[in-house]
Amino acid sequence: MPQRILHTADAEDAPLRAALRRLRAAEDVPAEFPPEVLAEADRAAKAPRLPERDATDIPFYTVDPPGSRDLDQALHVARRGGGGFRIRYALADVAAFVTPGGALDAEAHRRVTTLCFPDTRVPLHPRQLSEGAAGLLPDQTTPALLWEIDLDSSGQVAEATVARALVRSRARLDYGGVQQTIDEGTAEEPVALLRDVGLLREEVERERGGISLGVPEQEVVRRDGRYTLEYRAPLPAHGWNAQVSLLTGMAAADLMLASGTGILRTVPPARHGALTYLHRIARALDIDWPEGLDYPELLRSLNPQMANHAAFLQDCTTLLRGAGYTVFDGEPPARQDAVHAAVAGEYAHCTAPLRRLADRYALELCVAAAAGEPAPEWVREALGGLPELMVRGAQRAARLERECVDLVEAALMSGRIGEVFDGYVVAVDERRPTRGTVQLYEPAVIGRVDTEDAEGGTVFPAAGDAGEDAQGAEGAGGAEPPGGTEPPAPSAGAPPAESAEPAYSAEPVDGVEPADAAGPPVRAWPAPGEPLPLGHRVRVRLTAAEPGVSPVRFAPEP
């Protein structure tokens, strides 16, 4: 599922890059792999465990962003006789290189996931594996887990299986190039068919009640001594490729459920408070969310090339809060405990084995299930501890992501101290209702505000408020409401289990009515210390914003 994708090409000595380095040091993010891990990686790269099957005759290709180096997915699509498609999806076979209980394995359990920062990546596995011998690089024969999934003419799965095989990618493609050749009609059939399969599966997703977030990338650019934020909207090819990955994750879940042993990725249904929060964000960003329009349909109506729509899609990743892992061995879980609400079905993480620890275990279980064999003992022994390990890793990644967002937003606003902006109160501290969170329209920045920081201010009713009761579809994704342990932030992942931050509310505080109440008055703050008016437009003054020193903070404008 999506995360906030931030990039910066800033100079090494620029304030933002320096703040990011300090963040990694303060959070003890591992910069290098221990010598014994590198030595084991060198040995494994030279002598991996090779499968018997040879599938190097299949002309696979990879599709990734330009510059990607950890290529763990390769694809081939062909038509089936009588209609439908055969998808062959090769995934990096990490278990061919990593010995359970060895130094590589222990280090992967310590890292859990690849960490992505705006200026660098901290990989899960040493680069001689993730960007070398274990990656599906062009013209390199590599051990892989080869999925073969047959779709009928309606896009439904007719059959799915997975087994070990040697594969050889023929081409390293990027999304822009794939989109261009498909649009021009010059793409070879295995590439051109990606659109057909993607569109078919998008329609299946719509019918199923699932959603996919087209989260745009963000580039932090420095011009004339000031930072700006540019959105890069995803191409249709991003969505088509994502549908293949999603299809594989669902097929993996089906295999594991049928076998009785597995690890599923689960997300509970969205709570009303989380959707209420998104309604406020939509109003703050001037996005029309008609009463009665459910959440999935709203997302499909958005244009990520528009800055306010792109910012809203970033905020929608907060609905992924509450995500976790469910393991079972002998008795499949009840369906309500096994469903990923955004997918609107059972789903497993398995398509990013070079970047996510749990995928290696899920793939091993799928290979065993497809062959009708018992799960490997080393997988079963580790299965019970994986959910907690993955949740801790996800919490750490989410915390770092929020810190990165704070740094980037502080960099964007650092030269504008004292300026006045129009904002919208999207959350209020339950224990201290003078303090809360404001979302600006332009630039699309979230920051703290406290009425005790000013002598008074003016609150303006939000335009077009018509109610906050839209529930969204059943499969609209799951989240902890903004009343969790962290103030709502436009980033993915669950907040840390322990936090010194106050709880923030999605409900009216101390009698302050939200802006959807009939005919809200224009409120004035005659004295410091009045509660923040949840759901109202406000005028605020920027009081602090310095990367690595202070996040974005506002005071009501007198």
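Criteria and cut-off values
Per chain, residue numbering runs from 1 following the sequence as it is written. Residue-level local features of this predicted model are given only where pLDDT is at least 70; pairs of side-chain atoms are given and counted only at 80 or more, and the full residue set underlies all totals for whole chains, interfaces and linings. Remark: hydrogens and water are excluded; side-chain values derive from all non-hydrogen atoms of the structure. The helix and strand labels rest on DSSP assignments: H or I over at least four residues marks a helix, E over at least two residues marks a strand, and numbering proceeds from the N terminus. Between N-to-C directions, angles cover 0 to 180 degrees, with each direction set by a line fitted to C-alpha atoms, over the stretch in contact for helices. Between 65 and 115 degrees an angle is taken as roughly perpendicular, under 35 as roughly parallel, over 145 as roughly antiparallel, and anywhere else as oblique. Left-handed describes a crossing whose near helix is turned anticlockwise from the far helix through less than a right angle; right-handed describes the clockwise counterpart. Contact definition: two residues touch when any of their heavy atoms are within 4.5 Å. Any residue that is not Ala, Val, Leu, Ile, Met, Phe, Trp, Tyr, Cys, Pro, Asp, Glu, Lys or Arg is counted as polar, Gly included; the first ten are nonpolar and the last four charged. Each salt bridge in this description consists of a side-chain nitrogen of Lys or Arg and a carboxyl oxygen of Asp or Glu lying within 4 Å of one another. Whether a residue is buried, partly exposed or exposed follows from its accessible area with a 1.4 Å probe, protein chains only, as a fraction of its type maximum: under 20%, in between, or over 50%, in that order. Stacked, tilted and edge-to-face pairs are distinguished by plane angle, under 30 degrees for stacked and over 60 for edge-to-face with tilted covering the rest, among Phe, Tyr and Trp rings (Trp via its six-membered ring) whose centres lie within 6.5 Å. Remark: a charge is flagged as sitting over a ring if the NZ atom of Lys or the CZ atom of Arg is within 6 Å of the ring centre and within 35 degrees of the ring normal. Each residue carries a pLDDT score, the predictor's own confidence in it, on a scale running from 0 to 100. Here, nonpolar core refers to any group of buried Ala, Val, Leu, Ile, Met, Phe, Trp, Tyr and Cys residues whose side-chain atoms link them within 4.5 Å. Any helix carries an expected span of 1.5 Å times its number of residues minus one. In protein, a polar contact means a hydrogen-donor-capable atom and an acceptor-capable atom, both N or O and within 3.5 Å, with residues adjacent in sequence counting only if both atoms are side-chain atoms; elsewhere, any N or O pair within 3.5 Å suffices. Note that a disulfide, as used here, is simply two cysteine sulfur atoms within 2.5 Å. By arc we mean the arc of the directions from the helix axis to the C-beta atoms, nothing more.

Asks: Requested: an account of unusual backbone geometry, with residues and values cited.
Replies: Here the phi dihedral of Asp 28 falls at roughly 55°; this positive angle occurs in a residue that is not glycine. Mapped onto the fold, Asp 28 is located in the loop between helix H1 (15-26) and helix H2 (35-46). In the Ramachandran plot, Asp 286 falls in the positive-phi region, its phi being about 60° despite a non-glycine side chain. Turning to its location among the elements, Asp 286 is positioned in the loop between helix H8 (272-284) and helix H9 (295-301).

Asks: Would you mind going over the packing of H1 against helix H13 (residues 386-413) in detail, with residue names and values included?
Replies: As a packed pair, H1 and H13 sit with axes 10 Å apart at the nearest point and diverge in direction by 155°. Between H1 and H13, the angle falls in the class roughly antiparallel. In this structure, H1 meets H13 at a crossing whose hand is right-handed. Side by side, H1 and H13 meet where Leu 16, Ala 19, Leu 20 and Leu 23 of the first sit next to Leu 400, Glu 403, Cys 404, Leu 407, Val 408 and Ala 411 of the second. Grouping the constituent residues of the contact of H1 with H13 by class yields 9 nonpolar, no polar and 1 charged.

Asks: Tell me what's going on with the pattern of salt bridges, and back it up with residues and numbers.
Replies: Side chains that carry opposite charge are capable of pairing whenever their charged atoms lie near each other. Following the criterion strictly, the structure yields 33 salt bridges and no others. Between Arg 24 and Asp 119 there is a salt bridge, with the nearest N and O atoms lying 2.9 Å from each other. With Arg 24 in helix H1 and Asp 119 in the loop between strand E5 (115-116) and strand E6 (121-122), this pair connects stretches of sequence that are 95 residues apart. In this structure, Arg 24 and Asp 119 share a single accessibility class: buried. Glu 297 is the salt-bridge partner of Arg 300, the closest N and O atoms lying 2.9 Å from each other. Residue Arg 300 and its partner Glu 297 are both found in helix H9; the two are separated by 3 residues, about one turn of the helix. What makes Arg 300 partly exposed here is its relative accessible area of 30%. Glu 297 sits in the partly exposed class, given a relative accessible area of 28%. Several salt bridges converge on common partners, so that one network encompasses Arg 69, Asp 70, Asp 72, Arg 121, Arg 127, Glu 131 and Arg 355.

Asks: Can you explain the packing of helix H5 (residues 175-184) against helix H7 (residues 236-259)? Please cite residues and give values.
Replies: In contact at an axis separation of 8 Å, H5 and H7 are set at 105° when each is read in the N-to-C sense. Taken as axis vectors, H5 and H7 run roughly perpendicular relative to one another. Taking contact as the criterion, the partners of Tyr 175, Val 178, Gln 179 and Ile 182 in H5 are, on H7, Pro 236, Ala 237, His 238, Trp 240 and Asn 241. Tallied by class, the residues present in the contact of H5 with H7 amount to 6 nonpolar, 3 polar and no charged.

Asks: I'd like a rundown of the environment of Leu 400, residues and numbers included.
Replies: Following the sequence through the fold, Leu 400 ends up in helix H13. Between the C-alpha atom of Leu 400 and that of Leu 115, which follows or precedes it by 285 residues, the distance is 8.6 Å. Ignoring any residue separated from it by four or fewer positions in sequence, one finds Leu 400 in contact with Leu 23, Glu 27, Val 29, Leu 115 and Phe 117.

Asks: Provide a residue-level description of the packing of aromatic side chains, including the pertinent values.
Replies: Tallying each qualifying case throughout the model produces 4 aromatic pairs. Their ring planes at 70° and their centres at 6.4 Å tell us that Phe 421 and Phe 554 sit as a pair that is edge-to-face. Here the residue Phe 421 occupies a position in strand E15 (residues 420-429), and Phe 554 occupies one in strand E22 (residues 550-556), the gap between them amounting to 133 residues. We classify Phe 421 as buried; its relative accessible area is 5%. Counting every residue linked through ring pairs, the aromatic cluster contains Trp 289, Tyr 295 and Phe 312. Sitting over the ring of Phe 117, Arg 24 keeps its end group 5.0 Å from the ring centre. Over the ring of Phe 33 we find Arg 111, and its NZ or CZ is 3.6 Å from the ring centre.

Asks: Provide a residue-level description of the confidence of the model for the chain, including the pertinent values.
Replies: Residues shown with low pLDDT carry predicted positions that ought not to be read at fine detail. Of all residues in the chain, 85% attain a pLDDT of 70 or more, and the chain-wide mean is 82. Across residues 460-526, confidence stays below pLDDT 50; counting only partners more than four residues off in sequence or on other chains, it has 225 contacts.

Asks: Summarise the nonpolar core; cite the residues concerned and give the values.
Replies: Formed by 56 residues in total, the largest nonpolar core has its most connected members in Leu 75, Ile 87, Trp 147, Met 256 and Ile 263. Here this core takes 10 residues from H7, the largest share from any one element. In contact with Met 256, not counting residues within four places along its chain, are Thr 261, Gly 262, Ile 263, Leu 264, Phe 328, Ala 348, Ala 362, Leu 365 and Cys 366. Membership of the second largest hydrophobic core comes to 36 residues, among which are Leu 23, Val 408, Phe 421 and Leu 532.

Asks: Tell me what's going on with H8, and back it up with residues and numbers.
Replies: In this model, H8 (13 residues) spans 19 Å end to end at C-alpha, consistent with the 18 Å of a helix rising 1.5 Å per residue. Among the 13 residues that make up H8, 12 are buried, leaving the element largely enclosed by the rest of the structure. Within H8, the full set of buried residues consists of Gly 273, Ala 274, Leu 275, Thr 276, Tyr 277, Leu 278, His 279, Arg 280, Ile 281, Ala 282, Arg 283 and Ala 284. Residues of H8 that are buried make contact with H9, helix H10 (307-316), E15, strand E16 (435-440), strand E17 (446-450) and strand E21 (537-546). In the stretch just after H8, Asp 286 is the one whose phi turns positive, near 60°.

Asks: Hey, could you go over the side chain of Thr 114 for me, with residue numbers and the actual values?
Replies: Considering the arrangement of structural elements, one finds Thr 114 in the loop between helix H3 (103-111) and E5. The class for Thr 114 is buried, based on a relative accessible area of 11%. There is a polar contact of 3.0 Å between the side chain of Thr 114 and the backbone nitrogen of Leu 124. With sequence-adjacent residues up to four places away left out, Thr 114 is seen in contact with Arg 121, Val 122, Pro 123, Leu 124, Leu 354 and Arg 355.

Asks: Got a sec to walk through the state of the cysteines? Specific residues and values, please.
Replies: Think of a disulfide as a covalent bridge from one cysteine sulfur atom to another cysteine sulfur atom. Per the stated rule, a full pass over the model turns up 0 disulfides. Looking at Cys 350, it has no disulfide partner, and the nearest cysteine sulfur is the one in Cys 366, 5.8 Å off.

Asks: Give a detailed account of H5, specifying residues and quantitative values.
Replies: Residue pairs spaced three or four apart in an α-helix point in one direction, given the helix's 3.6 residues per turn. Buried within H5 we find Tyr 175, Val 178, Gln 179 and Ile 182. Along the long axis of H5, the arc covered by the buried residues comes to 95°, so they all point the same way. Gly 185, located one to two residues past H5, shows a positive phi value of around 80°.

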